[in-house]
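For reference, the chains in residue letters:
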Amino acid sequence: MIIRVCMGPAGIAAGGKQVLDAFNAELGRTQVAAKVLENCSSHQVGCLGLCARDVLVEVHRDGTKTVYQYVKPDMVARIVQEHLIGGKVVKDWLVDAAYDSFYRKQVKVVLADCGRIDPESIDAYESVKGYEAARDVLASRTPEEIIEEIKMSGLRGRGGAGFPTGLKWELGRKAKSDVKYIICNADEGDPGAFMDRAVIEGSPHAVIEGMIIGAYAIQAGHGYVYIRAEYPLAVERLRMALDQARSRGYLGKGIFRSKFDFDIKIKLGAGAFVCGEETALIASIEGQRGMPRPKPPFPVNKGLWQKPTVINNVETLANIPHIIRNGCGWYAGFGTERSRGTKVFALTGKIKNPGLIEVPMGITLREIIEEIGGGIESGKPFKAVQTGGPSGGCIPASMMDITMDYEALAKAGSIVGSGGMIVLDADDCMVNVAKYFVQFTQAESCGKCVPCRVGTKRLLETLERITSGKGSPNDIELLEELSGGIKSLSLCGLGQTAPNPVLSTIKYFRDEYDAHIRDRKCPAKVCKGLLTYSIDAAKCKACGSCLKACPSGAVSGEKKKPHKIDPAKCVRCGACFDVCKFGAVERE
Amino acid sequence: MAMVTITINGKALTVPDNLTVMEAANRHGIAIPNLCRHPQLTPFGGCRLCVVEVKGLPRPIASCTTPVTEGMEVTTMTPRLEEHRRFVLELILSDHPNDCMTCQATGSCQLQELAYTYGVKGERYPGERRIYSKRDGNPFIERDLEKCILCGRCVKICDEVQGVEAIDFGYRGFKAKITTPFEDDLDCEFCGQCVSVCPTGALTGKLWKGKGRYEGVRETETVCPYCGTGCNITVHARNNEIIRISSKPWAWNEGLLCVKGRFGYPFVKSPERLTKPLIRRASGNFEETSWTAALEYVSAWLKKIREERGPDAIGGLSSARCTNEENYLFQKLLRAGVGTNNVDHCARL
């Protein structure tokens, strides 16, 4: 009998630790094991996926899995008593049908062990065939065979650019040097993205095993995990996992009793988005300011400390042990012709079931939104999905049948990126969305090259003008001109992709830009500068709540007489709109 | 060294394979506009003005950082590239005071020259401009960061050539700037190497202000009088007054100077400066005299001491501010003239 408590980021935030403690205490107190004559254990697991329903608890009893949602510590006693001891499922707290539809279309490869095993136990990882692939590779396979296997699997870099991993390793293998490095890029910085975090927190050994296999393939003796310090739990679990792997001889000198030496160090990032760019990441490890340098030379020839360096993303590396264990043919069986395998997405925004999902490449956006995500939470029309974070773009509702793969998304003006997926509904203003992302890239630009440093600033200022009602008819043209220059001329990927959110929203939602500029209206009623508040005298009951709520003294009115708003004093905070119980405050 | 053959603007060139595209072009007389590249420093790749087109590559590349490869076909000048350069200049000037009228660098400013060449005024993309009102209180170097284009040359020469690392990039995005540790006033050797490589008026000498730019300025090539190193300097003078000292990059000292050579010239006009020899009389007072009288006085005493006490009663101490030749003559005077080996040099003190 096993009880699994979700302790991914959302699980912990919802109180997973307290729930787990409650289970442990309750199991001890009630002596469940003795009563049902079966071993009974409860342990934490990484993200179970459906973060919206956290804390999720899985109970495995008599070969069947039961999942409870929204579990609180005070619910534990009843579950133990009725279900674990009594054998009767507590129906009130079971997950509903949405849970099944959330999982039905998913295919778990990277996340297979995440949510199944205790991430802090190397025994748990080994019990699900962990480190078998690395052991096998070191005992009986050549680096060339490994590279061929990865090439045949069709795996492409999951960090965003989609460069074929096998090819990268081949270049790393061919680079001649006595010292080589392999780096795991865990500097996940896209707003709304938490895939890499969940993988490391849920199955850190898988990443380490992937790195060992990669290091052997390119013959690198040293590895680094560059991980952001804002992920303390991931860092802690990774440290723990590295110590465990070292103590078993999986890292260090002569790993797996071979003649190959390999060890991994952790380097904490200090929270700069640009350090996810590989040359900036290298500079940061070297102790320099995280500023990208032009390529070529590519890191695979001259990387860390000027030595050949292969940099792979967390998810890419976590795929490796599965590909080696199950064969390239198995992996290539998922996905599309040019985008093989599965991809993890962090589904967030206005969706009913936000969470962490893993789907085969080539699944349609519709399947993700409607089936896995359960549709829009508010019930309002789905407007668009933003993929790829600040480097990506928006896919409009009209393109819901687009397949999620590198080529299709690029063609639509967005990217797969690292896997952030923000769902937007009718209440989201697309100009504002673009502004949000440009604000982010502008603030995170390293300042080295002119187009990114100054260009994105001008882009942001133009968007701010438009959203505050001061746009001019030439502004769309200006945005396109600035975007074109920034894309062509910026030094690194940050600048080259920074205009994507602007260009894709202009492409698909030009009418919203026009409405802001020409009609001075924000159709989604988001942009404060374009809103006007007024009171419908017929509906106003003169209750005075708006008068009290107004922070700027813009509302006036006497008892039993309809109130009024003075537009000159109104600061458009919306307080009156929110407090009115009669729908008398109108927002235009 | 291996050679590769590349084509630049249709012309086939055979060049060493360790060059960048820009170096290869420059060697064959093809200039490429740039602001951050400096031959004494490692390439930076930040200004993006030196972009060129390479056949087969989807986007323009920075020629200052891209190594040449066999068979590369490069074009340095197309309408599209010129448009790109204008775009970059427009952006730079949109965040620049554009106060060339009163700027020290006018006439020697590379940004101004490029703006002139491309006819760019910085009016295309108006927007916020960085304002830094705090003035750096150091005595020598005026740091007007509003004029800074973040080319990184000052940071690089301070680090790569002078080995001091007094300044570096700080902050992010539009707020990025070159800064000292904790934004304190600059406190370094004040060699002014940063000033010499700044392509704009962001770094200038505090002593230079208002003294003259190029109108009526006479340049004289000479040797720095401060020490025996003998750096070549260029003295800029107007109305018979030194207003600035610089050094040519092609001088043997490669345009590098120290704080004394670059900024230590106001002594020339100091009222405290000795311009005539003085003799201290028995009363203890100094008395002005002529060079002839002074030299005769010295030689008479040297002779007298040597006769009465022998040559080893005399010793000579020379100055680090003399040239090698002068020091050579001085020891010769002591050894051959006076007959003693008691000769030394103040640099040993």
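Per chain, residues are indexed from 1 in the order of the written sequence. Just so you know, chain letters begin at A and ligand numbers begin at 1, following the order they were written in. For a predicted model such as this one, the threshold for reporting local features is a pLDDT of at least 70, and the threshold for listing and counting side-chain atom pairs is 80 or more; totals across whole chains, interfaces and linings nevertheless cover every residue. Processing note: side-chain calculations cover all non-hydrogen atoms of the structure and skip hydrogens and water entirely.

*Asks:* How should the overall build of chain B be read in this particular structure?
*Replies:* Counting from the N terminus, the helices are the DSSP runs of H or I reaching at least four residues and the strands are the DSSP runs of E reaching at least two. Scanning chain B for helices and strands turns up eight helices and 16 strands. Against the compact-globule benchmark of 20 Å for 349 residues, chain B has a radius of gyration of 27 Å, which places it well outside the compact range. Overall size of chain B, expressed as C-alpha extent along the three principal axes, is 90 × 50 × 40 Å. In this scheme, a residue with accessible area under 20% of its type's maximum is buried, one over 50% is exposed, and one in between is partly exposed, where area comes from a 1.4 Å probe on protein chains only. For chain B, buried positions account for 45% of its 349 residues. Should any heavy atoms of two residues lie within 4.5 Å, those residues are considered in contact. Of the contacts made within chain B by residues no fewer than 6 positions apart, 56% connect residues no fewer than 24 positions apart. Every accessible area reported is derived by Shrake-Rupley at a probe size of 1.4 Å, with residue values counting cover from the shown protein chains alone. Accessible area of chain B: about 19300 Å², with a carbon and sulfur share of 54%. As used throughout, the charge tally considers Lys and Arg to be positive and Asp and Glu to be negative, leaving His and the chain termini uncounted. A charge is said to be at NZ when it belongs to Lys, at CZ for Arg, at CG for Asp and at CD for Glu. Here chain B contributes 45 positive and 41 negative side-chain charges, whose respective centroids are spaced 2 Å apart. C-alpha atoms define the radius of gyration in this analysis, and the globule rule sets the expected value at 2.2 Å times the number of residues to the power 0.38.

*Asks:* Would you explain the sheet that holds strand E13 (residues 420-425) of chain A in this entry?
*Replies:* Picture the strands of a sheet paired through backbone hydrogen bonds; they go either parallel or antiparallel. Residues and elements named next belong to chain A. Strand pairing is defined by DSSP finding a minimum of two bridges between the two strands. If you trace the five strands from one edge of the open sheet to the other, you get E10-E9-E13-E11-E12, paired in mixed fashion. Because the sheet does not close on itself, it has two edges, and the strands there are strand E10 (355-360) and strand E12 (393-396). Pairwise comparison of adjacent strand axes, ignoring direction, gives a mean angle of 30° for this sheet. Sheet strands touched by helix H16 (residues 365-372): strand E9 (342-349), E10, strand E11 (382-387), E12 and E13. Its angle to E10, the strand with the most contacts, is close to 140°. Only the stretch in contact is used when fitting a helix axis, every axis being a line fitted to C-alpha atoms; angles between N-to-C directions are given from 0 to 180 degrees.

*Asks:* Would you mind showing me how to read the domain arrangement of chain B here?
*Replies:* Interfaces are often sized by the accessible area lost when the parts come together. Residue and element names in this part refer to chain B. Just so you know, the domain bounds were taken from an automatic or database domain assignment. When the domains of chain B are assigned, the result is domain 1 (3-77), domain 2 (210-273) and domain 3 (279-348). Look at where the C-alpha atoms of domain 2 and domain 3 centre, and you get two points 30 Å apart. Accessible area, probed at 1.4 Å, shrinks when two parts are joined; the buried area is that loss added up over both. At the boundary of domain 2 with domain 3, total buried surface from both sides reaches about 370 Å², with 40% on carbon and sulfur atoms. Per-residue buried area on domain 2 facing domain 3 is highest for Pro 225, Tyr 226 and Gly 228; these three make up 73% of the total on that side. Counted as a polar contact is a pair of N or O atoms within 3.5 Å, where, for protein atoms, one must be capable of donating a hydrogen and the other of accepting one, and residues adjacent in sequence contribute only when both atoms are in side chains. Applying the counting criterion to the domain 2 and domain 3 interface returns one residue pair in polar contact (both at pLDDT 80 or more). Broken down by class, the residue content of the side of domain 2 that touches domain 3 amounts to four nonpolar, one polar and no charged. Three residue categories are used. Nonpolar comprises Ala, Val, Leu, Ile, Met, Phe, Trp, Tyr, Cys and Pro, charged comprises Asp, Glu, Lys and Arg, and polar comprises the others, including Gly.

*Asks:* I tried to follow the pattern of salt bridges on my own but got confused; where do I start?
*Replies:* One side chain can pair with another of opposite charge once the charged atoms of both are near each other. All names here are of chain A. Salt bridge, as applied in this entry: a Lys or Arg side-chain nitrogen positioned within 4 Å of an Asp or Glu carboxyl oxygen. According to the stated counting rule, one finds 65 salt bridges over all chains in the structure shown. We note a salt bridge from Arg 29 to Glu 26, for which the minimum N-O separation is 2.7 Å. With a gap of three residues between them, Arg 29 and Glu 26 both fall in helix H2 (residues 16-30), about one helical turn apart. Using a relative accessible area of 10% as the deciding quantity, one classes Glu 26 as buried. Linking Arg 116 and Asp 113 is a salt bridge whose minimum nitrogen-to-oxygen distance equals 3.3 Å. Through salt bridges with shared partners, a single network forms among Asp 123, Glu 126, Arg 135 and Arg 248.

*Asks:* How should the side chain of Lys 448 of chain A be read in this particular structure?
*Replies:* Topologically, Lys 448 of chain A is positioned in the loop between helix H18 (430-444) and helix H19 (450-467). Despite its burial, Lys 448 of chain A pairs with no opposite charge, the nearest such side chain being Glu 277 of chain A at 9.2 Å. Separated by 3.0 Å, the side chain of Lys 448 of chain A and the backbone oxygen of Pro 292 of chain A make a polar contact. Within the local environment of Lys 448 of chain A, its side chain forms a polar contact with the backbone oxygen of Phe 44 of chain B, the two atoms lying 3.1 Å apart.

*Asks:* Mind showing me how you'd approach helix H13 (residues 278-285) of chain A here?
*Replies:* Two residues of an α-helix separated by three or four positions point the same way, owing to the 3.6 residues in each turn. All names here are of chain A. Most of H13 is tucked away: eight of the eight residues are buried. Residues Glu 278, Thr 279, Ala 280, Leu 281, Ile 282, Ala 283, Ser 284 and Ile 285 constitute the buried set of H13. Buried positions along H13 lie against helix H9 (165-174), strand E5 (181-186), strand E6 (222-228), strand E7 (263-269) and strand E8 (309-313). Following H13 by one or two positions, Gly 287 has its phi on the positive side, about 95°.

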